[in-house]
Every structure is written in C-alpha cells, then in structure tokens.
Amino acid sequence: MNTIHYLTDPALRGLFWPGVLTGLAIAIMCSGLSVLVVLKRLAFVGQGISHAAFGGAGVVATLGWMSAAGAVSFGAFGIVFGFCLFAALAIGWLSLRGKTEADTAIGIVLVASMALGAVLLTRASHAHGASRGVSWESFLFGSMDGIGWTDAALGWGSAVVVLLTLWWVRRPLVFWAFDPVVARAMGVREPVMSLILMTLLALATVTAMKLAGVVLATAMLVLPGASALLLSRRSGAVLWLALFIALAGVVGGLVLGFEADWPTGPSIVVVLAGVFALARVRVAIEARQKHPNPRAGALQ
Amino acid sequence: MHPVAVQFNHVSFAYPGVADAFALRDVTLDVAVGARLGVLGPNGGGKSTLLKLTLGLIRPTHGEVTVFGLSPQAAALQGLVGYVPQRSGAEQAFPLSVRQVVEMGPALRLPPWQKLSREQHAGVEAALAAVGASAIATNHVGSLSGGQFQRVQIARALASRPKLLLLDEPTVGIDVAGQQQFAELLSKLRDDFGITVMVVSHDIRTVASGCDRIACLSRTLHSHVAPAGLTPAVLAEVFRHDVAAIFGDLHVDAHPADSCSGHHHHPVQIGVPNK
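Residues numbered from 1 in each chain as written. Chains lettered and ligands numbered in written order. Predicted model: local features only at pLDDT ≥ 70, side-chain atom pairs only at ≥ 80, totals over all residues.

S.K.: So, the overall build of chain B: which residues are in play, and what are the values?
M.R.: Tallying secondary structure elements over chain B gives 9 helices and 9 strands in all. The burial tally for chain B puts 45% of its 275 residues in the buried class. Sequence-distant contacts in chain B: of pairs separated by 6 or more residues, those separated by 24 or more amount to 74%. (Helix = DSSP H or I, 4+ residues; strand = E, 2+ residues; numbered from the N terminus. Buried ≥ 20, exposed ≤ 12 C-beta atoms within 10 Å, placed from the backbone. Contact = placed C-beta atoms within 7 Å.)

S.K.: How would you sum up the overall build of chain A? Please name residues and give values.
M.R.: Of regular secondary structure, chain A possesses 13 helices and 0 strands. Shown N-terminal to C-terminal, the secondary structure of chain A runs as helices and strands in the order α-α-α-α-α-α-α-α-α-α-α-α-α. Taking all 300 residues of chain A together, 47% fall into the buried category. The long-range fraction of contacts in chain A, counting pairs at least 24 apart against all pairs at least 6 apart in sequence, stands at 75%.

S.K.: Tell me about the interface of chain B and chain A, and name the residues and values.
M.R.: Listed per partner, the contact involves 21 residues of chain B and 21 residues of chain A. Contributing elements (two or more residues each) for the side of chain B that touches chain A: α2 (72-77) and α3 (98-107) of chain B. Looking at which element gives the most residues to the side of chain B that touches chain A, the answer is α3 of chain B, with 3 residues. Per-class residue counts for the side of chain B that touches chain A are 16 nonpolar, 4 polar and 1 charged. (Nonpolar A, V, L, I, M, F, W, Y, C, P; charged D, E, K, R; others polar.)

S.K.: Tell me about the environment of S88 of chain B, and please be specific about residues and values.
M.R.: Residue placement: S88 of chain B occurs in the loop between β5 (81-84) and α3. Residues S88 of chain B and F22 of chain B, 66 residues apart in the sequence, show an inter-C-alpha distance of 26 Å. With residues near it in sequence (within four places) discarded, S88 of chain B still touches D179 and V181 of chain A together with F149 and Q153 of chain B.

S.K.: Provide a residue-level description of the confidence of the model for chain B, including the pertinent values.
M.R.: Residues and elements named next belong to chain B. Per-residue confidence for chain B gives a mean pLDDT of 75, with 71% of residues at or over 70. Element-level pLDDT for chain B is lowest in helix α9 (residues 251-254), with a mean of 29, against a maximum mean of 93 in α3. A low-confidence stretch, residues 224-230 stays under pLDDT 50, and its non-local contacts, those more than four residues away or across chains, total 19 contacts. Here the prediction assigns the complex a pTM of 0.81, and the interface score ipTM is 0.80. (pLDDT = per-residue confidence, 0-100.)

S.K.: A description of the packing of helix α2 (residues 10-39) of chain A against helix α11 (residues 235-260) of chain A should follow, citing residues and the corresponding values.
M.R.: All names here are of chain A. Contact pair α2 / α11: the axes reach a minimum separation of 8 Å and the direction vectors enclose 150 degrees. Between α2 and α11, the angle is such that the two are roughly antiparallel. Read as a crossing pair, α2 and α11 show a hand that is right-handed. Touching V20, G23, L24, I26, A27, I28, C30, S31, G32, S34 and V35 of α2 are V238, L239, A242, L243, A246, L247, G249, V250 and L254, all from α11. Split into classes, the residues belonging to the contact of α2 with α11 amount to 15 nonpolar, 5 polar and no charged. (Axes fitted to C-alpha atoms, helices over the stretch in contact; angles between N-to-C directions. Parallel < 35°, antiparallel > 145°, perpendicular 65-115°, else oblique. Left-handed = near helix turned anticlockwise from the far one by under 90°.)

S.K.: For the nonpolar core, give the residues involved together with the corresponding values.
M.R.: All names here are of chain A. V80 and C84 are the most contacted members of the largest nonpolar core, which totals 159 residues. Sort the elements by how many residues they give to this core and helix α10 (residues 190-231) lands first, with 24 residues. For C84, the contacting residues outside a window of four places in its chain are I49, A52, A53, G56, A202, T205 and V206. (Core = buried A, V, L, I, M, F, W, Y, C linked by C-beta atoms within 7 Å.)

Rendered as structure tokens:
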C-alpha cells in the first residue's frame, strides 16, 4: 500500500502530509460554497475565476517568487488571489453594465487570463532558466509536489475565513440567493452579497488550484454540491452530504493517485465525478420505481 | 405611529436614457394607515414603477416619497415593508421547506448568533395559518403550485410583522377559487394583522373584491373613493377603465379627471378614510 507507506514513513511524511491537510481544508471550504454555486448557476463563473489564477501565476513566475516545484509564498498567494478577485469583479462589472452577457464576459476574462499567463510563464522560463521555470501541467491539473506547510497553513486559514464568513452572512446571503427580487426590496444589498460570494469563490479557487489545478479547481466547487442536491431536498442533509462527498473525493482521489501513480487533481475529480454518476443513477432508479411505465400513463 | 403609511408628493419618474418619457408623472398620493388600496391600470401604466418607488428600489426623478415618514430605504431596513412580487425570481430548486422560507422573513433582521425567538416562531406559524399553508409547512418549496407559492410569499412577508404590505399582480395565474380566497385574505390582513395594504393589478376582480379604495394609474393618477365602500357606480367606472386599457387607450385620455362622475373624486388623498 503506497498510501500507508507515504504517510507513515518518517522520510516521506513531510512531503505528503501537507498536501493531505491542504486537500482536507479544500474539501471543507468548497463543500459549503458548492451548494450555492450550483443553485446560483455559478459554475461557469467559477471556471472564469479559476482560469484567472493562471494569469496571476504568470505574474508570480515573472517576479521569480515561485520555485521549480511551484511552492508559493504568502506574497505569491496574494497576487494570485488578487487576480482571481479582479476576474470575479470584472465578470460582474461587464455583465451588470448590461451591454455584455454574463457568459460572454466570463469567456473574455477566461481567455485573456489564460493568454496573459501563457505569455508570462514562457517569459519567466526564458528569464530565470530551467531551474526557476515552472511546470504548466502542475498549474493546469494540480500536483502534490511542492505543497508545503505554508500551503497547508494558507489552506486552513482560507477555510476558516470562508466558513466564518458564510456563517456570518448566511441569512441575507441565502435570502438573496433564493429570492433576489424580494431580498433587494427587504434592504439586502445585492452588490455587497455578490462581492462577498465572489471573494469567497476567488479564495476557495486559489486554494483549490494548488491541488486540483486551474482547470479542475471548478470541479471542487461544483461536484459536491451537485451530487448532494441530487440526493436530498433538505438543507441540513444537503450541506452534510456535500461535506461528506467533498471529503470522500479528496481522500479517495489522493489514495487513487498514490496507488495508481496518477496526478492528484484528475484523481480527485474522477472520484467526485463517479459519486455524481452514482447519485444520478440512484435518482433515475427512484424515478423508475415511482413511475414504472410513464409512457403507458401518457397514452391513457 | 405616523398617520400616513405612504406619501407621494408630486412624484415623477423617468427611467435612465428616456428622460422625456415619464413612467409616472406628477403623482401625489397619501395612503392612510390601515387602508387597503388597489391601484388599477393598464400594462405599462406605471403600476410596478409606483411599487418600486415605494420600496426604494428606484428614486424619483422629481418629488419625494416617504413611508411612515421615513425614506423608503430606511423603512425597508427597519422591516416596516413587506413585498410580494408579480413574478417571483425565487429559485425553487433550493433545498428549503415552506416553513424555512417563511422563517427567512423574521430571521433576516437577526444578528448571526441569534436564533428566532419563541414569539417569532409563533409569528411564523400564525402567518402560515393566515394564508392556509400550515398543512404544507414541511413540503419542499419546489413542490408547490404557483398559487401555493404565492401564499407562501405572503406568509413570509407577514411573518416579518411589516406595517405595510405591497402586492404586485397577486392573482396572476391563480384560478377563480384562489382569487376568492385571496380577497378573503386581504380582509384578514387588515382585521387580524392591522396591516396597510397596497395592491397593484390590471385585474378588475382582484382590486374590486379585495380593496376598499381604488386608484387609477396610467402614468398620471387620480382616485375613486366611494363613501361607503365600492358602489356599483364605482365598479362600472373602473370597469370602463379596464375596457379602455384593453383597447390600448391611455387612461388619462380615455378618462380625464373632470369627467369622473357617480363617485367622489380626490386627486390628492387616496385611501384616506372619508370623514
């Protein structure tokens, strides 16, 4: 069992435990947000924000603040987070102005960030040489390599900030998310709620990006909530299910990655997608049991 | 308490970019505390704009709006106003029960660490009972019909204990039996909850059966206040407005104020009980 070996061998513990702890923080943080992301149909927004991180990573690499393995400092984390937040605000600003549709705004921000990141990462590779160059693959799909205790501390710090903020604003946030028209009339400030949600999404994306990569970070913000909402229609149960599924996805994905020697990000997403597929099958079976032959009923 | 629930003082409003085309023009309106005012008018006549101004969602281009003597925004923040929109933007896929939706109203003003009090829980149950939704309190909000969800929205507004309830086209999509229940509910709101009610609608039945004061709005506004409630003459006059709306005439042209007959006509005070 590679997993037990990696996690118990004194020589390897320092390499793998930070990644495991970061993964657990990401699971806890993203599970709560994912329910809102699915219900508010923000999956594509999350995709736009996460791809903005690629541009931020390019800036960090240009500044020479990133090791070959991709380990980040607090300053680098701040830059990437700033890029994600800027992208979130740009998407909101472009679409709220009414002259650009939201999906067009996301598409523009997404490709602009990717292009900027590609240019800056290439320049950084040339400027700093191979030793300070960075792996595009680890940015796009995530990696356990280079996740240190600083990343783990940042991950848990972000998780605490996200969860505390969600708890603090839960009533106006849920009211606004559920019924924005009446919430506005009741004095809930829509721009404030939108800004809070976008900031939390940016923070969660930057943290999840390390393990799952730019491309797959969105999966952490979508699949736990989407699966949980298929399995229950009670709010408490949905939140607990989302948490359980996110934790199962991270733990299962890490084990899969260790045992099969797969990259961690895709492994986590494979597990989460598998859970979603099972949940979907369960819903289909239940529907079939309730209405064994819907065609016959329709013809009568 | 301030004796006038809603006051419009020579209010005009034009949406940005169409400065010359006023959605409302020089509207002056006093709605007394406890009144049930129905605002009738054609589509595009400014009914929803009137409500948005009362809610503080938009600000007048000219004039002033007050709600219980406060700015509409301040009244909203103090929880004085309840609102049930014409088309709910509610996302009914949310994993919420009917009771949880109703609890949203009173919970909105609480600090994050505070739970609903016993009195607030009792208020939620009373609101559910008032709209006849106690039996479906544990149902998922996504399983409700349009009429049921409309009642749940009214219950959510009531549970916040507002002093003023604004209803925008409340009977759209509701069958005749549901409209009758709605009229009875409007009576209950005033008698049991002591709430001032403003209903805007283009449906003559909604306004005639549930309100005791009627205002006609088609960009400009004037009132029809029957001394002893609605009389056949008022209903006939209002019905004529409805016909005018259907055929596309602007009300103000089809029915100039000086041609009003068969009932009292007060261009300033609307909904204020006659002395």
